[in-house]
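Spelled out, the chains give:
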Amino acid sequence: MSHPTYKAVIPAAGLGTRFLPATKAMPKEMLPVVDKPAIQYVVEEAVDAGIRDVLIIVGRNKASIGNHFDSVPELESALSTKGDHTKLGKVAHSSQLADIHLTRQGEPKGLGHAVLRAKRHVGDNAFVVMLGDDLIDERDPLLPAMLAVHERTGASVIALMEVAPENVHLYGIATVTETGDDDVVKVDGLVEKPRAEDAPSRLAIIGRYVLTPDVFEVLERTTPGKGGEIQLTDALQELAADADGPGVYGLIFRGRRYDTGDRVDYIKAIVQLAVDREDLGPDLRTWIKELASGL
Ligand code: UTP
């Protein structure tokens, strides 16, 4: 499936404080998950959905992200001289994946503020937002189904996932009505990081969005919300409540997802993805069994 008209926006300008000191000089999106930085999985997911134009919103440590998606002539010629074509292929792959653009978010004023930085690049078209620390397993593709819902409804579409009650305070939470279409819901309301007792449901917004360009106009007047940050959830709540617009739809995701912004989930993601790999899985599985028997 090819979607050449969509652009993807990857906000990667957060402070990543949960990973300090690792994120002191490096964005959390560059932390390796097995042998690739988290953000490369996200760019690959966009490319798999047919997207070729990717805008990354970067913060104070932007250099490593830019360098990763650029070519490195001295490394490439050293590997070429050695005749190591496998490693050469790995190095070249990330610089040939997509058209990568970088825009700076001067200050980390929130996810909504980061998305607003994409306005000029995106123009008057629907676009995709993918959080750079949120990984969707490539075996459970999500974006193509979200784009299909957008194309059917003309509305913004968010990805939702059922989370445990003790975790609702970490997410934007949605109130929804069924549409009669499997796993597609109409979003009636959204609230950012509610307390468990105030949460209207357990359906959490995860890091994939298809947004209509009217979100920019809403973000321009969205005032700081939870945590003093300009929240994308607040802007989407306004679009969902607008009776004159197409509203907001949700697609409930039931596949494998890894939140690499959280330390425990980050470690789980590495183990899960490595165990499933042919080159690393057998050794790792043996070691995990030994480890578990001693716990
Ligand atoms: P998070 O809230 O998970 O990121 O934002 P954070 O603030 O960096 O994390 P901690 O809590 O301090 O560890 C979700 C996504 O939005 C981006 C982040 O980079 C992440 O991908 N983001 C957040 C921005 O790009 N700019 C912001 O101002 C805030």
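Preceding this section is the structure that the text describes.
Residues numbered from 1 in each chain as written. Predicted model: local features only at pLDDT ≥ 70, side-chain atom pairs only at ≥ 80, totals over all residues. Heavy atoms only, no water.

**A closer look at the packing of helix H10 (residues 263-275) against helix H11 (residues 281-293)**
Where H10 meets H11, the closest approach of the two axes is 8 Å, and the angle between their N-to-C directions is 125°. Compared by their axis directions, H10 and H11 come out oblique. Contact residues: H10 offers Val271, Ala274 and Val275, while H11 offers Gly281, Leu284, Arg285 and Ile288. (Axes fitted to C-alpha atoms, helices over the stretch in contact; angles between N-to-C directions. Helix = DSSP H or I, 4+ residues; strand = E, 2+ residues; numbered from the N terminus. Parallel < 35°, antiparallel > 145°, perpendicular 65-115°, else oblique. Contact = heavy atoms within 4.5 Å.)

**Topic: a nonpolar patch on the surface**
Together, Trp287, Leu291 and Leu295 line one region of the surface with nonpolar side chains, adding up to about 380 Å² of accessible area. When you line up the elements, tryptophan 287 lands in helix H11. On the basis of relative accessible area, tryptophan 287 is assigned to the partly exposed category, the value being 46%. (Patch = residues over 30% accessible without salt bridge, like charges linked within 9 Å, V, L, I, M, F, W, Y side chains within 5 Å. Areas by Shrake-Rupley, 256 points an atom, 1.4 Å probe, with all protein chains shown as cover. Salt bridge = Lys/Arg side-chain N within 4 Å of Asp/Glu carboxyl O. Buried < 20%, exposed > 50% of the residue type's maximum accessible area, 1.4 Å probe, protein only.)

**Here's the deal with the pattern of salt bridges**
According to the stated counting rule, one finds 20 salt bridges in the structure shown. Glutamate 238 is the partner of arginine 221 in a salt bridge, and the nearest nitrogen-oxygen pair spans 2.3 Å. Separated by 17 residues along the polypeptide, arginine 221 in the loop between helix H8 (214-220) and helix H9 (232-241) and glutamate 238 in helix H9 bring together distant segments of the chain. Accessibility expressed as a relative area gives 46% for arginine 221, which makes it partly exposed. In this structure glutamate 238 comes out as partly exposed when scored by relative accessible area, which is 35%. Linked through salt bridges whose partners overlap, the residues forming this network are Asp35, Arg277 and Asp279.

**Description of the site of the ligand**
Near the ligand lie 19 residues; those nearest to it are Gly16, Thr17, Glu29, Gln105 and Gly110. Within the backbone of glycine 16, a nitrogen or oxygen atom sits 2.6 Å from an oxygen atom of the ligand. Compared with its free state, where it exposes 580 Å², the ligand has 85% of that area covered by protein. Across the shell around the ligand, the residue classes tally to 8 nonpolar, 6 polar and 5 charged. (Near = heavy atom within 4 Å. Polar contact = N/O pair within 3.5 Å; in protein donor to acceptor, adjacent residues only side chain to side chain. Nonpolar A, V, L, I, M, F, W, Y, C, P; charged D, E, K, R; others polar.)

**Description of helix H7 (residues 143-153)**
The set of residues buried in H7 consists of Leu143, Met146, Leu147, Val149 and His150. Here the buried residues of H7 occupy an arc of 155° about the axis, which is enough to place them on one side. On its buried face, H7 sits against helix H1 (38-48), strand S6 (127-130), strand S8 (156-162), strand S10 (184-192), strand S11 (203-211) and strand S12 (248-252). Glycine 154, located one to two residues past H7, shows a positive phi value of around 75°. (Arc of directions from axis to C-beta.)

**Comments concerning helix H4 (residues 85-96)**
In an α-helix there are 3.6 residues to a turn, and that puts residues three or four apart on one side. An ideal rise of 1.5 Å per residue puts 16 Å on 12 residues; H4 measures up with 16 Å between its terminal C-alpha atoms. Within H4 the residues assigned to the buried category are Leu88, Val91, Ala92 and Ser94. In a view along the axis of H4, the buried residues occupy a sector of 160°, so they form one face of it. When the buried face of H4 is taken as reference, the exposed residues oriented beyond 90 degrees from it are His85, Thr86, Lys90 and Gln96. Those residues of H4 that are buried are in contact with H1, helix H2 (62-68) and helix H3 (73-82). (Expected span 1.5 Å × (residues − 1).)

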